[in-house]
Protein chains: 4
Amino acid sequence: MKIYQHKTQYYETDQMGIVHHSNYIRWFEEARTDLMEQLGMGYDRMEAEGIISPVLEVNCQYKSMTRFGETVSIETRVEKYNGIRLELSYEVKNAETGEIRAVGNSKHCFLDREGNLLSLKHADIPAHNLFLSAMQKH
Amino acid sequence: MKIYQHKTQYYETDQMGIVHHSNYIRWFEEARTDLMEQLGMGYDRMEAEGIISPVLEVNCQYKSMTRFGETVSIETRVEKYNGIRLELSYEVKNAETGEIRAVGNSKHCFLDREGNLLSLKHADIPAHNLFLSAMQKH
Amino acid sequence: MKIYQHKTQYYETDQMGIVHHSNYIRWFEEARTDLMEQLGMGYDRMEAEGIISPVLEVNCQYKSMTRFGETVSIETRVEKYNGIRLELSYEVKNAETGEIRAVGNSKHCFLDREGNLLSLKHADIPAHNLFLSAMQKH
Amino acid sequence: MKIYQHKTQYYETDQMGIVHHSNYIRWFEEARTDLMEQLGMGYDRMEAEGIISPVLEVNCQYKSMTRFGETVSIETRVEKYNGIRLELSYEVKNAETGEIRAVGNSKHCFLDREGNLLSLKHADIPAHNLFLSAMQKH
């Protein structure tokens, strides 16, 4: 699995002279989207099948400051998955030095278009198996 | 018509120590939404009726810098409207001093859910009349 | 203490048709800024004195979806404060119905311009006393 | 010169199901930053030398809708440059099909840390020469 990279942009900075903390939550989403694509189940494919995966919870601990122009790597891992709930963890590092910028996690469920809770085990077996195998890999 | 006000937020600043220029484009949308609500045709109502109003063009000229914590007023005017195309202008000022921060405009059309061009004159007569009268007011 | 309100904007929505989850983290900041102003120590004043207050950790649990046009209230409380670390909690509700949209918290420290950890107890006694009294109020 | 590419993210979409129009203004900045790096004068280097380059004006015409997951290419050209003012143009295309998504331009000046207008011709001769040669290339 290739680790996702993000180049920080000027519009992500704030007047403290660093990347604003809310952007890390967006980077988690970027890395999550990338992971799903690498697993072969792009989020656009899931949405096309009528499955959406809202965020139930997100957490981020900021360890050091990220500056404009820096490239960060975001490593995403499937921590828990049972067909109904998915928990991912993220590690954000300076891509060059490896210095940890932040760690975090997010929790998700799966819904159909009407907002009903889905079990991927029944609703999307290929996706289910991919999440299972991604969880077991580490 | 009450002039829309926006209080600038920390997350809107960049490392130049001022509000990032992209936010003004979002403020135009805030002010536009507010104008439509004041006219009695909230954008959510139009979307509920299946009418969307994409932005065709946007322009902003930055006159002075906006700082964190400042409240800006954004005056929106219907410059042109013919049932098919809508053109709005915006004037962003420091709400206290009246100093001009930026001026701009945006152009819009109207589409149905399938993406077909609509004439509001036929698709939404109350909205049509409201835009017409808003245009003539100044 | 007046509870902060935020009107959700179109640019805050995503293609799920709801407000994107990253915006809640920004609303926490809006509400935090507002609390500090109400306490009489606007964040701009602290920055002018050379004190910055970075976010060490942020957490948000999403309870129900927020839609475009909705006004949310965000109640902020000082949960813990010892001069060096500050912990705030947030409760986001639909301002009309009171339905809970999200709960969360954030942790902060205080730094001088050179990035050295500060104790507000020494660096800004008025701010220190205000945080202390805000903590004890509930 | 390599043409800049941007992969659209979920958080860039709005409830119209397309990328929100304000993001294109941010992509212009991404492409501008990338161009300057390719020219050998990264924006961080200019800021380190105390030169900032605020946006005086920005314009964007939206030609077709950009969807989540799509990669766009953004071609940036130096249209005008005289040492004091810089004008850039942008062409946003679907990176695969070449379909034009938007065209736009931005105008900039150069300031020192105190906010005084600079002529790059005197303040940063290498940058001046690079802009001149970039302008003449097309």
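Details of the structure are given in the entry above.
A few points on the structure. The structure displayed is predicted, hence computed values, not measured ones. (Residues numbered from 1 in each chain as written. Chains lettered and ligands numbered in written order. Predicted model: local features only at pLDDT ≥ 70, side-chain atom pairs only at ≥ 80, totals over all residues. Heavy atoms only, no water.)

## Considerations on the interface of chain C and chain B
On the chain B side, the residues contacting the 14 residues of chain C number 14 residues. When chain C packs against chain B, the two sides together hide about 1,600 Å² of surface, and 49% of this comes from carbon and sulfur. When the area that chain C buries against chain B is broken down by residue, the three leading residues are Tyr10(C), Tyr11(C) and Phe68(C), summing to 37%. Note that Lys7(C) and Glu37(B) form a salt bridge whose closest N and O atoms lie 2.6 Å from each other. Between chain C and chain B we count six residue pairs in polar contact (both at pLDDT 80 or more) in total. Put simply, the parts of the chain that give the side of chain C that touches chain B at least two residues each are strand E1 (4-7), helix H1 (22-38) and helix H2 (43-48) of chain C. (Contact = heavy atoms within 4.5 Å. Buried area = accessible area lost by both parts, 1.4 Å probe. Salt bridge = Lys/Arg side-chain N within 4 Å of Asp/Glu carboxyl O. Polar contact = N/O pair within 3.5 Å; in protein donor to acceptor, adjacent residues only side chain to side chain. Helix = DSSP H or I, 4+ residues; strand = E, 2+ residues; numbered from the N terminus.)

## Some remarks on the packing of aromatic side chains
Residues and elements named next belong to chain C. Tallied over the entire structure, the rule returns 28 aromatic pairs over all chains. The interplanar angle of 45 degrees and the centroid separation of 6.0 Å between the aromatic rings of Phe-110 and Phe-131 together place this pair among those described as tilted. With Phe-110 in the loop between strand E5 (100-108) and helix H3 (120-123) and Phe-131 in helix H4 (residues 125-136), this pair connects stretches of sequence that are 21 residues apart. (Phe/Tyr/Trp six-rings, centres within 6.5 Å; stacked < 30°, edge-to-face > 60°.)

## With respect to the relation of the copies chain C and chain B
Mapping chain C onto chain B is achieved by rotating through 180 degrees and translating by 0.0 Å along the same axis, at an RMSD of 0.0 Å. What the superposition gives is, in effect, a two-fold axis relating one chain to the other. Taking C-alpha positions as the reference, the residue of chain C nearest the rotation axis is His6(C), at 5.4 Å. Of all interface residues in chain C, 100% are interface residues in chain B too; the two copies therefore contact each other through one and the same surface. (Least-squares fit on C-alpha atoms with pLDDT ≥ 70 in both.)

## What to know about the pattern of salt bridges
Across all of its chains, the model carries 32 salt bridges over all chains by this definition. The residue Arg32(B) makes a salt bridge to Glu29(B) at a minimum N-O spacing of 3.9 Å. Pair noted here: Arg32(B) and Glu29(B) are both in helix H1 (residues 22-38), with a separation of three residues, about one helical turn. Glu29(B) carries the same exposure label as Arg32(B), and that label is buried. Of the charged contacts in the structure, one is a salt bridge between Lys107(C) and Glu57(C), with a shortest N-O distance of 3.7 Å. Placement of Lys107(C) in strand E5 and of Glu57(C) in strand E2 (residues 55-62) is noted, with a sequence separation of 50 residues between them. Exposure remark for Lys107(C): the relative accessible area of 22% places this residue in the partly exposed category. A relative accessible area of 19% means that Glu57(C) is categorised as buried. Through salt bridges with shared partners, one network takes in Glu70(A), Glu99(A) and Arg101(A). (Buried < 20%, exposed > 50% of the residue type's maximum accessible area, 1.4 Å probe, protein only.)

## Quick look at the interface of chain D and chain B
Tallying the contact residues gives 25 residues for chain D and 25 residues for chain B. Counting the surface lost from both chain D and chain B, the interface buries some 2,100 Å², and carbon and sulfur atoms represent 54% of this. Where chain D packs against chain B, one counts zero salt bridges. Summed over the shared surface of chain D and chain B, the number is nine residue pairs in polar contact (both at pLDDT 80 or more). Those elements giving two or more residues to the side of chain D that touches chain B turn out to be helix H1 (22-38), helix H2 (43-48) and strand E2 (55-62) of chain D. It is E2(D) that provides the largest number of residues to the side of chain D that touches chain B, a total of eight residues. Of the residues assigned to the side of chain D that touches chain B, the class counts are twelve nonpolar, eight polar and five charged. Judged from the five bridges that link them, strand E2 (residues 55-62) of chain B and E2(D) form a sheet pairing that is antiparallel. Bridging across to E2(D), Glu57(B) finds its partner in Gln61(D). (Nonpolar A, V, L, I, M, F, W, Y, C, P; charged D, E, K, R; others polar. Pairing = 2+ DSSP bridges.)

## Quick word on the sheet that holds E2(B)
Judged by pairing direction, the sheet is antiparallel, and its ten strands sit side by side in the order E1(B)-E3(B)-E4(B)-E5(B)-E2(B)-E2(D)-E5(D)-E4(D)-E3(D)-E1(D) without closing on themselves. In this open sheet, the two edge strands, each paired with only one partner strand, are strand E1 (4-7) of chain B together with strand E1 (4-7) of chain D. Across the sheet, the mean angle from the axis of one strand to that of its neighbour is 20 degrees, orientation sign disregarded. Of the strand pairs in this sheet, strand E4 (residues 86-94) of chain B and strand E5 (residues 100-108) of chain B are connected by eight bridges, and their pairing is antiparallel. In the strand pairing of E5(B), Glu87(B) is matched with Lys107(B). Strands in contact with H1(D) are E2 of chain B together with E1, E2, strand E3 (71-81), strand E4 (86-94) and strand E5 (100-108) of chain D; relative to E2(D), the strand with the most contacts, it is inclined by about 120 degrees. Lying on the sheet, helix H4 (residues 125-136) of chain D is in contact with E3 and E4 of chain D; it crosses E3(D) at an angle near 105 degrees. (Axes fitted to C-alpha atoms, helices over the stretch in contact; angles between N-to-C directions.)

## What to know about the relation of the copies chain D and chain B
For the pair chain D and chain B, the superposition axis carries a translation of 0.0 Å, the fit reaches an RMSD of 0.0 Å, and the rotation angle comes to 180 degrees. The overlap is high: 100% of the interface residues of chain D also sit at the interface in chain B, so the same surface is used on both sides.

## Regarding empty space enclosed by the protein
Counted according to the given criterion, the structure contains three cavities of 30 Å³ or more. The volume enclosed by the largest cavity comes to roughly 100 Å³. Around the largest cavity, the lining is made up of 13 residues, and of these Arg26(A), Arg26(B), Tyr11(C), Asn23(C) and Arg26(C) lie nearest the centre. Of all the elements in the fold, those that place two or more residues in the lining of the largest cavity are H1 of chain B together with H1 of chain C. By residue class, the composition of the lining of the largest cavity is three nonpolar, four polar and six charged. Reported here for the second largest cavity is a volume of approximately 80 Å³. In this structure, the second largest cavity is lined by Tyr11(A), Glu12(A), Asn23(A), Arg26(A), Arg26(C), Tyr11(D), Glu12(D), Asn23(D) and Arg26(D). (1 Å grid on protein atoms, 1.4 Å probe; cavity = no way out; pocket = protein on both sides within 12 Å on 5 of 7 lines; lining within 4 Å. Points joined across faces, edges and corners; volume = space filled by probe spheres on them.)

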